[in-house]
Every structure is written in C-alpha cells, then in structure tokens.
Amino acid sequence: MKKVAVLMGSDSDLPVVGKVFSVFDELGIPYEAHVCSAHRTPEEARALALNAKKNGFGVIIAAAGMAAHLAGAIAANTALPVIGIPIKSGGLGGIDALLSTVQMPSGIPVATVAIDGAKNAAYLAAEILALSDEGLYEKLLQCRGKEKKSVLEKDAHLAEKYNK
Ligand code: RP5
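Residues numbered from 1 in each chain as written. Predicted model: local features only at pLDDT ≥ 70, side-chain atom pairs only at ≥ 80, totals over all residues. Heavy atoms only, no water.

Comments concerning the domain arrangement of the protein
Operational definition: An automatic or database domain assignment supplies the residue ranges for each domain. The criterion used for residue contact is that any of the two residues' heavy atoms lie within 4.5 Å. Buried area: the accessible surface (1.4 Å probe) lost by two parts on joining, summed over both. Counted as salt bridges are all cases of a side-chain nitrogen of Lys or Arg within 4 Å of a carboxyl oxygen of Asp or Glu.
One can read the domain layout of the protein as domain 1 (3-132) and domain 2 (134-164). Here domain 1 and domain 2 have C-alpha centroids that lie 29 Å from each other. The partner domain 2 presents 8 residues to the 10 residues of domain 1 that form the contact. A buried area of about 720 Å², summed over both sides, lies between domain 1 and domain 2, and 63% of it is on carbon and sulfur atoms. Looking at the side of domain 1 facing domain 2, the largest losses of area belong to Leu27, Glu127 and Ala130, adding up to 58% of the total buried there. The interface formed by domain 1 and domain 2 contains 2 salt bridges.

Structure, rendered in structure tokens:
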C-alpha cells in the first residue's frame, strides 16, 4: 500500500493532527509525519512535495493554521491528491486557515476538510487508497457500520430515558 505524508505547519498543530495517526493506526495505513511550513521552511516543503511520488506516497495531508498556505504550496509541486486541514489557531477561529486552504485557483486542487477536521482528512485519504485496495475498502465499510451502531445505540438510550 502507498504511504500517506502527514505534514503540519507547526508542532503546535499536533493535538489536532494526532487524530489522523489514530485513524491510520486503526486501518493499518502506513504514514510519515513531518513539520514543514510554507512560510518558515519553503524549500523543505517544496522538496517534500516534489519527491513525494518517488518516495512511495499516494496521498498528502497538509495541516496549517492562520494564513495557511501549506496545502496549496504542496499541491503546487505535485499531482498527488492533497487534503488540507485548516487548523483553528490565532484570533480568527480558523476561518483564516479555512479560506486560505480552500480557495485554490483552478488546476491546483486541495480537498479541504472542516476546520480541525483531522478525522475526515484521514478517512478521505483512506478512501483514495482504497480505490486500489479491497481489504482497506472493507475496513472502511466496517468503520461506517460501527458509526451506525453507535448512533442507533444513542437513539435507543435517549428513547429509553425520555420517550415515556
Ligand atoms: C501555522 O501557524 C501553523 O500551522 C500553526 O497552526 C500556526 C502557529 O504556529 P506556531 O507559532 O505555533 O509555530 O503556520
């Protein structure tokens, strides 16, 4: 299976980005994590993107806050799918990062998840890898099944408590 590169603009993003690792560990998806910044380490970010395909990556996740250009800067240097996670940081509650990540010019897409939406970034990356991996696709269906079971249990619990 191809690996996922999980990039974050700062280690201060780790409390959110860590949720990606939990999902990947559960699904058995190989990944590498790096701190790299579009603004503070632009050469390193560019090199990671340029070399990602030959280094065995199939998808890149890029998380950043504030003027969040990391996902876009990565997408500018690779045609691998790039998923952006806008991180809530600074004074604008993540809206700044959301708009910076999502508003890409045509031809250079970044699939942007919700502010701090690390879990969905992980599941979307898994879905992309599952296009060529039936076993992973089955695992994703099982995850959906667990989500469904959990909601049905919560509904039953609520009904038992309130619906007299
Ligand atoms: C962004 O600036 C990072 O992704 C982080 O969300 C934010 C703040 O970074 P630090 O000042 O905490 O390193 O580039």
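Right, picking up where we left off after that structure.
What about the side chain of serine 10?
Filter applied, for reference: Counting from the N terminus, the helices are DSSP H or I runs at least four residues long and the strands are E runs at least two residues long. Think of it in three bands: with a 1.4 Å probe and only protein chains considered, a residue is buried below 20% of the maximum accessible area for its type, exposed above 50%, and partly exposed in between.
With respect to the secondary-structure elements, serine 10 resides in the loop between β1 (3-8) and α1 (14-27). In this structure serine 10 comes out as buried when scored by relative accessible area, which is 16%. Leaving out residues up to four positions away in the same chain, serine 10 has contacts with Val35 and Arg40.

Thoughts on the sheet that holds strand β4 (residues 82-87)
Put simply, the test is: Only when DSSP finds a minimum of two bridges between them are two strands counted as paired.
Spatially, 5 strands are ordered β2-β1-β3-β4-β5 in an open sheet, and the strand pairing comes out parallel. Where the open sheet ends on each side, the last strands, each with one partner, are β2 (31-35) and β5 (111-112). As judged from the 2 bridges shared by β4 and β5, these two strands associate in the parallel manner. In the strand pairing of β5, isoleucine 83 is matched with alanine 111.

Considerations on the site of the ligand
Heads up, the condition is: By convention in this text, a residue qualifies as near a molecule or strand provided that one of its non-hydrogen atoms is within 4 Å of it. Contacts described as polar in this section are N or O atom pairs within 3.5 Å, which, within protein, must combine one atom able to donate a hydrogen with one able to accept it, while residues neighboring in sequence count only if both atoms come from side chains. Only protein atoms enter the calculation, which uses a 1 Å grid: trapped sets of points that fit a 1.4 Å probe without letting it out are cavities, open sets showing protein on both sides within 12 Å along at least five of seven lines are pockets, and any residue with an atom within 4 Å of a point is a lining residue. Put plainly, a molecule is in a cavity or pocket when over half of its atoms are within 2 Å of the grid points there.
As a matter of local geometry, the ligand sits amid Gly9, Ser10, Ser12, Asp13, Arg40, Ala64, Gly65, Met66 and Ser89. Separating an oxygen atom of the ligand from a side-chain N or O atom of serine 10 is a distance of 2.6 Å. Separating an oxygen atom of the ligand from a side-chain N or O atom of aspartate 13 is a distance of 2.6 Å. Under a 2 Å grid-point criterion requiring more than half of the atoms, the pocket assigned to the ligand is the largest pocket.

Section: the packing of α1 against helix α5 (residues 118-130)
Convention followed: The axes used here are C-alpha line fits, helices contributing only the stretch in contact, and every angle between their N-to-C directions lies in the interval 0 to 180 degrees. Helix crossings fall into two classes, left-handed where the near helix is turned counterclockwise from the far one by less than a right angle and right-handed where it is turned clockwise. Ten residue types, Ala, Val, Leu, Ile, Met, Phe, Trp, Tyr, Cys and Pro, are classed as nonpolar, four, Asp, Glu, Lys and Arg, as charged, and the remainder, Gly among them, as polar.
The N-to-C vectors of α1 and α5 enclose an angle of 40°; their axes lie 7 Å apart at closest approach. Relative to α5, α1 is oriented so that their crossing is right-handed. Here Val16, Val17, Lys19, Val20, Val23, Phe24, Glu26 and Leu27 of α1 lie close against α5, whose contacting residues are Ala118, Lys119, Ala122, Tyr123, Ala125 and Ala126. For the contact of α1 with α5, the per-class residue count stands at 11 nonpolar, no polar and 3 charged.

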